[in-house]
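Summary of the model geometry
Here are the chains, one letter per residue:
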Amino acid sequence: LRFPQKLWEMLESSKFQSIWWTEGGKCVAINKELFEVEVLGREGQQVFHTQKMKSFMRQLNAYGFTKMQRNFQRSASLPEFLAEEAAASAHSQILYYYNPSFNRAHPWLSETCKRR
């Protein structure tokens, strides 16, 4: 299978907790730490031909995925701000990638994801 097809199958599978569709199915969310253990750290049963996160991210980029930033609204009150800051730091391990041809609602578009 090509990289986009493997990625699609992972996203649709219930086997992996480290990668999922965002709400609306337009972006791929990856928990970096968990992904490195759960997917890239697999001995003998590798999904992708790499064990390094940088190589996986290069593959995403090669197929037209771009890294997205999540913007969090900050509260004015200190206790709320600190609580939001803690939540944001937990989210810092989550990477978001977008490709206009990779959309859960339109699976046939993934066939147009070509390596650059």
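Everything that follows concerns the structure shown earlier in this document.
Summarised in this report is the structure supplied together with it.

Calculation rules
Residues numbered from 1 in each chain as written. Predicted model: local features only at pLDDT ≥ 70, side-chain atom pairs only at ≥ 80, totals over all residues. Heavy atoms only, no water. Helix = DSSP H or I, 4+ residues; strand = E, 2+ residues; numbered from the N terminus. Buried < 20%, exposed > 50% of the residue type's maximum accessible area, 1.4 Å probe, protein only. Polar contact = N/O pair within 3.5 Å; in protein donor to acceptor, adjacent residues only side chain to side chain. Contact = heavy atoms within 4.5 Å. Pairing = 2+ DSSP bridges. Axes fitted to C-alpha atoms, helices over the stretch in contact; angles between N-to-C directions.

Side note on the side chain of Thr50
Assignment of secondary structure puts Thr50 in the loop between helix 2 (32–40) and helix 3 (53–62). The class of Thr50 is buried, set by a relative accessible area of 15%. Of the polar contacts made by the side chain of Thr50, one reaches the backbone nitrogen of Lys52; its length is 3.1 Å. For Thr50, the residues in contact, after removing those within four places along its chain, are Leu40, Ser55 and Phe56.

Brief notes about the sheet that holds strand 1 (residues 19–21)
Pairing is antiparallel in the open sheet, where four strands are placed in the order 1-2-4-3. Of all the strands in the sheet, the pair left with one neighbour each is strand 1 and strand 3 (66–68). Each adjacent strand pair in this sheet contributes to an overall mean axis angle of 35°, direction not counted. Inspection of the sheet shows strand 3 paired to strand 4 (residues 94–98) by three bridges, in the antiparallel sense. Each bridged residue has a counterpart across the sheet, and for Lys67 the counterpart in strand 4 is Tyr97. Sitting on the sheet, helix 1 (residues 3–12) touches strand 1 and strand 2 (27–31), and the angle it makes with strand 1 is about 85°. Sitting on the sheet, helix 2 is in contact with strand 1, strand 2 and strand 4, with an inclination near 80° to strand 2.

None of this, on its own, says anything about what the molecule does.
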